[in-house]
Structures are given as structure tokens and as C-alpha cells.
Amino acid sequence: MLLNKLRREIVLACHHAGEGHIPSALSILDILYVLHRDVMRPQDRFVLSKGHGCLALYAVLAQSEDWSIDDFCQYDSVFGGHPDCNKVHGVEASTGSLGHGLPMAVGMALAAKIRKTDERIYCLIGDGECNEGSIWEAAMLAAHHKLDNMCCIVDYNHSTDRALKLGNVARKFHAFDWITIKVNGHYHAGLVMALNYPPCHAPFAIICETVKGYGVKRMENNPAWHHR
């Protein structure tokens, strides 16, 4: 199965590097796989705000490029621990400082509206990242401008629960006048349906219930494996 192959590549890349955010990448792998394979059009754009999960993005992009991610985090490698838009083809924004990606994506969506271009902007954020005020400032701005070409995907793997429980994230986005839906972030049919949600005069948030470290039992929901 291709996804098991990608999981293996992610784990081996981190093993060779001696470091990496494996569980964070495995948490979002299904989402990125479906988004890039079944949903995004050539004109659409994607921002991985949760930059430390970049190995999942590298592994998915490598399926259509002549790449190997075996040199992840090695000297002179283009594949760093956070994605660099100046080095990796297909990376729209250099991210990693949490809370920055969604504001950039909202700016892209607003620019597309001003230019009257047929672009849909997707941005994936983490649940811990929702502690950042910039996320909610961006959410308010997107709603004010009725950016129905903007889709925010929340990787809700509950990794932040030990420090601060977010509760009903869908209800929070709804309070900011976003259309919201909750799905299983590892169920492909549900992801395809949600990600293809038609524009409806408001920005759209998909709350994906996921398991951190999904697919590797010793890592699943184990904080010791966050970066290791």
C-alpha cells in the first residue's frame, strides 16, 4: 500500500537524520495525500502552517517529482526540518513559526479575490497552533472579506490537551462566521467529500480528528516521540 510506503520513507528519513517530527508528519499524511492526489487543481495553492510536519508534505510531493527524501536534514539538503519555499518546488510558504501560515494563506485568498482568479487556497494548521492569537485574527479577517476560496484544515490530534484543551474547535470557527465541518482525518472518502465542499460566500474550516503518530503503535499519542 502506497501510504505504508510513505510512512516507511518518513521514518527512515528521520532515522538517517537522527531527528525529526515523525508523529506530527504521520498525523497529517492522509490529509495531504488526499488533498494533493484527489482535490487540488493546478491553480490551487497549499500552505503547511504546521511546518514541523513537513516530512509528510515532502513525501507526498515526491510522488510527482524525481526526489528522494533520504537526505532530510543533512548538510546541503533542500529538505530541512521546516519547509523552505525557496528550495523545495511545491512549497508555497516557508513556515514553522506557528501562527504564521494561516495569515499568509488568507492574504493569498484575498489577493485571488482582488485579481478575480479561480484559485482555492488550502491551509493546514495544528490544534496547538490554535493557541496563537494570529490564527483568530486571520479567521476574523477571512470572514469579514467573505473569502469562500479559503479552506483551513485543522489537524486536531489533541496533542495540546495536556497544556490547554481547545474544546469544540468547529464551534469556535463557526463563531467567527466560518462554515465548519468535522471529519475523521484518516478516512479518505470523508476527506474527499469535505475538501471538495463548494464555495458558499464564507471561508470554510475542516476539523480533522486525527491520531498523532498514526500507523506506528509505539508512537501513537506518545508525547515522548514528538521530536526524536
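Higher on the page you've got the structure.
This structure is a prediction, so every number in the text was calculated from the model and none was measured.

> What exactly am I supposed to notice about the packing of aromatic side chains here?
Each aromatic ring pair is described using two quantities: the centre-to-centre distance and the angle formed by the ring planes. Overall, the coordinates contain seven aromatic pairs when judged by the stated rule. With a centroid separation of 5.2 Å and an interplanar angle of 35 degrees, the aromatic rings of Trp136 and Phe176 are classed as tilted. Of the two residues, Trp136 is situated in helix H5 (residues 133–144) and Phe176 in the loop between helix H6 (169–175) and strand E4 (179–184); the sequence distance between them amounts to 40 residues. Put simply, the rings of Tyr58, Trp67, Phe72 and Phe79 pair up and form one aromatic cluster. The ring of Trp225 carries Arg228 above its face, with NZ or CZ at 4.4 Å from the centroid.

> Help me understand the side chain of Arg7, please; the structure alone is not making it clear to me.
Counting through the fold element by element, Arg7 comes out in helix H1 (residues 2–17). With near-sequence residues (within four places) excluded, Arg7 lies in contact with Leu26, Leu29, Asp30, Tyr214 and Gly215.

> Whenever I open this one, the side chain of Ser24 confuses me. Can you help?
Mapped onto the secondary structure, Ser24 falls in helix H2 (residues 22–39). Taking relative accessible area as the criterion, Ser24 reaches 1% and is therefore assigned buried.

> Sorry if this is basic, but what is going on with the sheet that holds strand E1 (residues 45–48) here?
Two orientations exist for strands paired in a sheet by backbone hydrogen bonds: parallel and antiparallel. Taken in spatial order, the five strands make up an open sheet running E1-E2-E3-E5-E4, and their pairing is parallel. In this open sheet, the two strands that pair with only one neighbour each are E1 and E4. Ignoring strand direction, the axes of neighbouring strands in this sheet form an average angle of 20 degrees. Two strands pair when backbone bridges link them, and E1 and strand E2 (residues 121–126) are joined in this way by four bridges, in the parallel orientation. Considered in E2, the bridge of Phe46 is made with Tyr122. Across the sheet, helix H7 (residues 188–195) touches E2, strand E3 (150–156), E4 and strand E5 (204–209), and the angle it forms with E4 is around 165 degrees.

> Please clarify how the nonpolar core should be interpreted in this entry.
Buried together is how nonpolar side chains tend to be arranged in soluble globular proteins. Of all hydrophobic cores here, the largest spans 45 residues; its most connected members are Ile10, Phe46, Leu55 and Leu195. Contacts of Phe46, omitting those with residues within four sequence positions, involve Leu32, Leu35, His36, Met40, Leu57, Glu92, Tyr122, Cys123 and Leu124. Counting 29 residues, the second largest nonpolar core, distinct from the first, contains Val47, Ala105, Ala143 and Leu166.

Rules behind the numbers
- Residues numbered from 1 in each chain as written.
- Predicted model: local features only at pLDDT ≥ 70, side-chain atom pairs only at ≥ 80, totals over all residues.
- Heavy atoms only, no water.
- Phe/Tyr/Trp six-rings, centres within 6.5 Å; stacked < 30°, edge-to-face > 60°.
- Helix = DSSP H or I, 4+ residues; strand = E, 2+ residues; numbered from the N terminus.
- Lys NZ or Arg CZ within 6 Å of the ring centre and 35° of its normal.
- Contact = heavy atoms within 4.5 Å.
- Buried < 20%, exposed > 50% of the residue type's maximum accessible area, 1.4 Å probe, protein only.
- Pairing = 2+ DSSP bridges.
- Axes fitted to C-alpha atoms, helices over the stretch in contact; angles between N-to-C directions.
- Core = buried A, V, L, I, M, F, W, Y, C linked by side-chain atoms within 4.5 Å.

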